[in-house]
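Topology and contacts: notes
One letter stands for each residue in the lines below.
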Amino acid sequence: MAGAKEEILKARTDNREYRRIVLPNFLEVLLISDPDTDKATALSSQTRFSVSVDTCAASMDVSVGSFSDPDGLEGLAHFLEHMLFYASEKYPLEGSYLKYISEHGGTGKAFTAAEHTSYRFDINPDGFEEALDRFAQFFIKPLMSADATARKIKAVNSANLKNLLSDDWRMNQLQKHLSAANHPYHKFSTGSWHTLAVRPKAKGLDTRHELIKFYEEYYSANLMHLVIYGKEKLDKIQGLVEDKFKEIRNIDRSCLRFTGEPCTSEHLEILVRTVPIKEGHKLRLAWPITPEIHHYKEGPCRYLGHLIGHEGEGSLYYILKTLGWATGLLAGESDSTLDFSFFEVYIDLTDAGHDHMQDIVGLLFKYVSLLQQSGVCKWIFDELSAICETKFHYQDKIEPINYVVSISSNMQKYPPKDWLVRSSLPSNFSPDIIQIVLNKLSPNNVRIFWESKKFEGDTNMFEPWYGTAYCMEKITGSRIQEWIASSPNVNLHLPARNVFIPTDLSLKNENENENEKVKCPVLLRKSPYATLWYKPDTMFFTPKAYVKIDFNCPHASGSPEAEVLTSIFTHLLMDYLNDYAYYAEVAGLYYGIYHTESGFQVTLVGYNHKLRILLETVVEKIASFKVKADRFSVIKETVTKEYQNYKFEQSYEQAIYYCSLVLQDQTWPLMEQLEVLTHLEVEDLANFVPLMLSRAFLVCYTAGNLESTEAESMILQVEYVFFKGSNPICQPLFPSQHLTNRVVKLEKGKNFIYPVEGLNRSDKNSSLVHYIQVHRDDFMLNVKLQLFVLIAKEPAFHQLRIVEQLGYITRLLQRNDCGIRGLQFIIQSTVKGPGRIDLRVEEFLKTFESKLYEMTNNEFKSNVNTLIDMKLEKHQNLREEAEFYWREISDGTLKFARKEAEIAALRQLTQQELIEFFNEHIKVGAPHKRTLSVRVYGNRHSFEYASDKRSLVQPCTVKIDDIFAFRRSQPLYGSFKGSSGHVKL
């Protein structure tokens, strides 16, 4: 049955159609039809063709989550999320759902939250109807077989193991632990082998029986919300939904509510000192409040978060930064449910800030007092409301799979007319409602969590699930009043009016017909100082622009010292600009200055109206750069901790890092950079920056709502400042100085192995990156590689993760190092060491070989068509398009029509050619195969590391002992970047 035809508010620029329906089983559904089909054309050998290719997507949100886990079965809701995707009575083959999704160019994922569980997928349109049917069957007749139970519990346990050394997970659980034991907020939600296997068995419980009971008790159609995103007309989509989802049973389960506060008086007015895994100090202050969802049009938390989290002059953060006490501050609502919520302030502290914790807390409450004294300001609310309204109506399109999840997750909370708007448009100015929340931010009900490794040895308790060390003391409101009184007397004040709010949102129409013909970036200008690429907006039609200026500076990357000094330089620039540019960020104009392998980059993206004002300020800061000793000290400390904390990254991320270090020439190891960093002083940076900027070449990319004359004028101004002004600081590069990207060319027929112990000796996880290097960028070879990965990706996941249970992180991906293509298996595991995982990868490739040979011609054609459809998917927004084209410019490949050319190559590809490609480059033992195995050993496999280091290698295997000696001894691929004459007007 269709619902009443009520209006669903949408953005002015949104041309999609929406319809709410309610099925007879009371499943509430939002249908979305996207008529904006992408009519892409590509060349084949015989003809040109036109195809509509938008991805379709679906998301089912079930209003039950980890809060409903039975006592003693922590993680059961999360376990059900994993089991549901196993199989169904209609489609009983294990893993067939994800296999079908993958074969049709899509992905299927899920997550479990406190009060709901979300399932979603996206897929190419030709597979959408059957995918919907397979998806629906999980909610009709899932097949939760006994043989899969133990394997799926291991998958949940693997997910938990990868989180055990994550500070975010640890601190979140500590906050939950210090709450009322009888409130569901207190629970451990992920689940583990202990909670789902060991403990239930000891109690005589059958976990699978409990799982089915949980599903039957809570998975009712009236507690579900479905969003469908398709290309067909709404009537057709509605017919599909009514047919596929009508059989979901409805037991008329009432919506679960969890009343009562999670924090009683014993959990308020507390100061908790806790020891993190990573270096650094953090301060979190949290107050229980009424959830904003009940007043989302008044936006009390948005208003207060905007002010307390502000970074402009006079703000709390500005003062803390000026004092050298903080390097970051966030404020707003967190852990929000329908029945309770917290307002949280999160502060990154410097070493000096750690020593002044009491002063910082005092200053925070002084700022809250300022807000009390100032009253709720209508002009601030109106300004914030105007910013939010512009952001909503000119929002970027996002991937359909992310869009459907964002809607379905909120359908339970909001009335249908606000499903798309949600809380993004505060419009009702209500000082009283804002004041109620402000009054809650008092010393009498605060929870303070203070993180620092300096507390090691001074704690007396452990959080039970993650083992986080902590101690706790009660801290009275009167004591905090003393901190307020003794804190520095500083000039805290409200922000100024925001001059960056755009008032001109018109679209440029210069040479509109000509722009329609510009499908790729054009080289607008080339000089000894810079190249300028320009791409007008012919697709998105929003008042936004994208500008990137890449400073290629040979002196910026010639040594570990130069690398570190360039990094400090970019950090300092962002630091100097922050209180000014923060207003631009609030208004929807973003910027970044980042260190690159060849120098540094300036990127601006957002509303074009005032973009040039911000760009000119950034350029002026670079040109007039001076080192401020106090800020240098703070930034050096921050950068040092970033380097030190790298050892605490996930094991598989370390393996990826080592793989890049082996392959990419002229890159410096982090540990060398950390070593030189400790000795650097203000004078080193002051001497280095003029040298770094003395020779430069600028590669510029401009796109979006800019006329070509505007783009050229902007870059001419930048050239003038750096190269031509009264006091030029840059000279153009000599021909010999143009930078290149060189990649090690692995020897054919050799398997290189780099074994190394994990940097974090407390981490049980080991990891493998099994990299197969294939070729230098070539359209036909590219599509052979891409097609192989598409075909093998899901079988690899199924075999190595689902069947063999090697680890939660199990991936098969393409790899592209500056135009040098290959593929990589990435696996993180506690159950096997990396050497044994390597053998399992090779065994998979041997087994998969027969499947490749047995593939029918129809299956081959279907996979080819899937890959073509994936290539024809249009970019969702300006930023995504710009990043695609920038990759071509940055790598130096400049193949802007890559998608069309690769589609044409796919049209020519035969199944036999794919098999020959596999036999030559990927097959185990292939004479031309080039392999690099990076093996990172966790502490659980230390004995294997020692054994593998001593063992003799097999024929055709080379063990790498010294990465840099190895790199120096190897030939390199030619570089696309910096090739003579590759850029022509």
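Small disclaimer: the values here were computed from a predicted structure and weren't measured.

Points about the overall build of the protein
When helices and strands are counted, the protein shows 32 helices and 27 strands. On C-alpha atoms alone, the protein measures out to a radius of gyration of 29 Å, which is about the 30 Å that the 2.2 N^0.38 rule sets for 985 residues. Dimensions along the principal axes, computed over C-alpha positions, put the protein at roughly 75 × 75 × 65 Å. Burial status across the protein gives 60% buried among its 985 residues. Within the protein, contacts between residues separated by at least 24 positions form 82% of all contacts whose residues are at least 6 apart in sequence. When the accessible surface of the protein is totalled, it reaches about 38800 Å², and 50% of it is carbon and sulfur.

Here we look at the pairing of strand E9 (residues 270-274)
The buried fraction of E9 amounts to four of the five residues, a majority that puts the element mostly inside the structure. In this structure, E9 lies alongside strand E13 (residues 447-452), joined through five bridges in parallel fashion. Residue Arg-273 lies in a different strand from E13, and its bridge partner there is Trp-450. Bridging between E9 and strand E15 (residues 469-474) involves five bridges; their strand directions are antiparallel.

Structural notes on the pattern of salt bridges
On inspection of all chains with the given rule, the structure shows 48 salt bridges. For Lys-244, the salt bridge is made with Asp-243, and the minimal N-O distance between the two is 3.7 Å. The partner of Glu-719 in a salt bridge is Lys-724, and the shortest N-O contact between them spans 3.6 Å. Classification of Glu-719 by relative accessible area gives buried; the value is 0%. Connected via shared salt-bridge partners are Asp-777, Arg-821, Lys-871, Glu-888, Lys-895, Arg-898 and Glu-902.

Comments concerning the nonpolar core
Ranked by internal contacts, the top residues of the largest apolar core, which has 91 residues, are Ile-568, Phe-600, Ile-622, Leu-685 and Leu-932. Of the residues forming this core, the biggest block, 14 residues, is contributed by helix H18 (residues 560-586). When residues are assigned to domains, this core turns out to be shared by domain 3 (512-732) and domain 4 (743-973), each giving three or more. In this view, Ile-622 contacts Phe-551, Phe-569, Leu-573, Phe-600, Val-602, Leu-693 and Phe-722; residues no more than four positions away in its chain are not counted. The next biggest cluster of nonpolar side chains, apart from the first, holds 65 residues, and it includes Ala-58, Val-62, Ile-140 and Phe-245.

What to know about helix H27 (residues 857-871)
Under the 1.5 Å per step criterion, the end-to-end length of H27 is 21 Å for 15 residues, consistent within 8% with the ideal 21 Å. Listed as buried for H27 are Phe-860, Asn-863, Val-864, Thr-866, Leu-867, Ile-868, Asp-869 and Lys-871.

Focus: the UniProt feature "domain: Coenzyme PQQ synthesis protein F-like C-terminal lobe" (unreviewed entry) in the protein
Under the local residue numbering, the UniProt record ascribes the feature "domain: Coenzyme PQQ synthesis protein F-like C-terminal lobe" (unreviewed entry) to residues 791-886. With 60% helix and 19% strand, residues 791-886 has its two end C-alpha atoms placed 28 Å apart.

Digging into the sheet that holds strand E1 (residues 17-22)
The strand order across the open sheet built from six strands is E1-E2-E8-E5-E7-E6, with neighbouring strands paired in mixed fashion. Looking at strand neighbours, the two that pair on one side only are E1 and strand E6 (107-112), the edges of this open sheet. For this sheet, the mean angle separating the axes of adjacent strands, direction not counted, is 10°. Examined bridge by bridge, strand E5 (residues 56-62) and strand E7 (residues 117-123) share seven bridges and lie antiparallel to one another. Across the sheet, residue Ala-57 finds its bridge partner in E7, namely Asp-122. On top of the sheet, helix H2 (residues 96-103) reaches E6 and E7; it is set at about 40° to E7, its chief contact. Across the sheet, helix H3 (residues 128-140) touches E5, E7 and strand E8 (224-230), and the angle it forms with E7 is around 165°.

Digging into the domain arrangement of the protein
A common way to state how big an interface is: give the accessible area lost once the parts meet. Segmenting the protein into domains produces domain 1 (17-38 + 52-246), domain 2 (265-400 + 415-486), domain 3 (512-732) and domain 4 (743-973). On a C-alpha basis, the centroid separation for the pair domain 2 and domain 3 is 31 Å. Note on domain 2 versus domain 3: buried area summed over both sides is about 1900 Å², and carbon and sulfur give 55% of it. Summed over the shared surface of domain 2 and domain 3, the result is four salt bridges. Note that Lys-321 and Asp-575 form a salt bridge whose closest N and O atoms lie 3.8 Å from each other. Elements represented by at least two residues in the side of domain 2 that touches domain 3 include exactly helix H10 (316-322) and helix H13 (378-393). Tallied by class, the residues present in the side of domain 2 that touches domain 3 amount to six nonpolar, 11 polar and nine charged.

A look at helix H7 (residues 207-218)
Between the first and last C-alpha of H7 there are 16 Å, a value that for 12 residues agrees with the 16 Å anticipated at 1.5 Å per step. Within H7, the full set of buried residues consists of Thr-207, Glu-210, Leu-211, Phe-214, Tyr-215 and Tyr-218. The buried residues of H7 occupy an angular sector of 140° when projected down its axis, which confines them to one face. The N-capping residue of H7, defined by a side-chain oxygen 2.9 Å from the backbone nitrogen of Arg-208, is Asp-206.

Some details on the pairing of E7
Across the seven residues of E7, seven count as buried, placing the element largely inside the fold. Neither face of E7 is exposed, since Thr-117, Tyr-119, Phe-121 and Ile-123 on one face and Ser-118, Arg-120 and Asp-122 on the opposite face are all buried. Of the strand pairs in this sheet, E6 and E7 are connected by six bridges, and their pairing is antiparallel. Bridge pairing links Phe-111 to Ser-118 in E7. The hairpin turn running from E6 into E7, its antiparallel successor, is four residues long.

Let's talk about the sheet that holds strand E12 (residues 341-349)
Reading across from one edge, E11-E12-E10-E13-E9-E15-E14 is the order of the seven strands in this open sheet, with mixed pairing throughout. With one partner strand each, in any of the chains shown, strand E11 (326-334) and strand E14 (461-462) form the two edges of the open sheet.

Side note on the packing of aromatic side chains
Evaluation of the coordinates by the stated rule reveals 44 aromatic pairs. With a centroid separation of 6.2 Å and an interplanar angle of 80°, the aromatic rings of Phe-188 and Tyr-466 are classed as edge-to-face. In this pair, Phe-188 sits in the loop between helix H5 (167-177) and helix H6 (193-202) while Tyr-466 sits in the loop between E14 and E15, placing the two residues 278 residues apart along the sequence. Each member of the pair Phe-188 and Tyr-466 is classed as buried. A ring pair is formed by Tyr-229 and Tyr-403, whose centres lie 6.2 Å apart and whose planes are at 85°; its orientation type is edge-to-face.

Some details on the environment of Phe-966
Among the secondary structure elements, Phe-966 is positioned in helix H32 (residues 963-969). Between the alpha carbons of Phe-966 and Ile-791 there is a distance of 34 Å; along the sequence they are 175 residues apart. Contacts of Phe-966, omitting those with residues within four sequence positions, involve Val-662, Val-744, Leu-746, Phe-752 and Ile-960.

Focus on the state of the cysteines
Inspection of the entire model under this criterion finds zero disulfides. Of all cysteine sulfurs in the structure, the one in Cys-263 sits closest to Cys-471, which takes part in no disulfide; the separation is 18 Å.

Side note on the confidence of the model for the protein
Summarising the model, the protein shows a mean pLDDT of 94, and 96% of its residues fall at 70 or more. Contacts for the low-pLDDT stretch residues 37-53, under 50 throughout, to residues beyond four places or in other chains number 45 contacts.

Re unusual backbone geometry
Look at Arg-422: it is not a glycine, yet its phi comes out positive at around 50°. Relative to the helices and strands, Arg-422 resides in the loop between helix H14 (400-408) and helix H15 (431-440). Even without glycine at this site, Cys-956 takes up a positive phi of about 70°. You can see Cys-956 is positioned in the loop between helix H31 (942-950) and strand E27 (957-959). Exposure remark for Cys-956: the relative accessible area of 49% places this residue in the partly exposed category.

Quick notes on the packing of helix H1 (residues 76-84) against H7
Viewed as axis vectors pointing N to C, H1 and H7 meet at an angle of 90°, and their least axial separation amounts to 10 Å. Judged by the angle between their axes, H1 and H7 are roughly perpendicular. Residue-level inspection shows Leu-76, Ala-77, Phe-79, Leu-80, Met-83 and Leu-84 of H1 in contact with H7, the latter providing Thr-207, Glu-210, Leu-211, Phe-214 and Tyr-215. Across the contact of H1 with H7, the residue classes break down as nine nonpolar, one polar and one charged.

Looking at the packing of H2 against H3
A pair of packed helices is characterised by two quantities: the angle between their axes and the separation of those axes. Two elements in contact, H2 and H3, have axes whose closest approach is 10 Å; the angle formed by their N-to-C orientations is 155°. It follows that H2 is roughly antiparallel to H3 by the angle criterion. Considering how the two elements wind past one another, H2 and H3 form a crossing that is left-handed. Side by side, H2 and H3 meet where Ser-96, Tyr-97, Tyr-100 and Ile-101 of the first sit next to Glu-130, Ala-131, Arg-134, Phe-135 and Phe-138 of the second.

So, how was this worked out
- Residues numbered from 1 in each chain as written.
- Predicted model: local features only at pLDDT ≥ 70, side-chain atom pairs only at ≥ 80, totals over all residues.
- Heavy atoms only, no water.
- Helix = DSSP H or I, 4+ residues; strand = E, 2+ residues; numbered from the N terminus.
- Rg over C-alpha atoms; globule rule 2.2 N^0.38 Å.
- Buried < 20%, exposed > 50% of the residue type's maximum accessible area, 1.4 Å probe, protein only.
- Contact = heavy atoms within 4.5 Å.
- Areas by Shrake-Rupley, 256 points an atom, 1.4 Å probe, with all protein chains shown as cover.
- Pairing = 2+ DSSP bridges.
- Salt bridge = Lys/Arg side-chain N within 4 Å of Asp/Glu carboxyl O.
- Core = buried A, V, L, I, M, F, W, Y, C linked by side-chain atoms within 4.5 Å.
- Domains from an automatic or database assignment.
- Expected span 1.5 Å × (residues − 1).
- UniProt positions renumbered as here; feature names shortened; annotations may be inferred.
- Axes fitted to C-alpha atoms, helices over the stretch in contact; angles between N-to-C directions.
- Buried area = accessible area lost by both parts, 1.4 Å probe.
- Nonpolar A, V, L, I, M, F, W, Y, C, P; charged D, E, K, R; others polar.
- Arc of directions from axis to C-beta.
- Polar contact = N/O pair within 3.5 Å; in protein donor to acceptor, adjacent residues only side chain to side chain.
- Phe/Tyr/Trp six-rings, centres within 6.5 Å; stacked < 30°, edge-to-face > 60°.
- Disulfide = S-S within 2.5 Å.
- pLDDT = per-residue confidence, 0-100.
- Parallel < 35°, antiparallel > 145°, perpendicular 65-115°, else oblique.
- Left-handed = near helix turned anticlockwise from the far one by under 90°.

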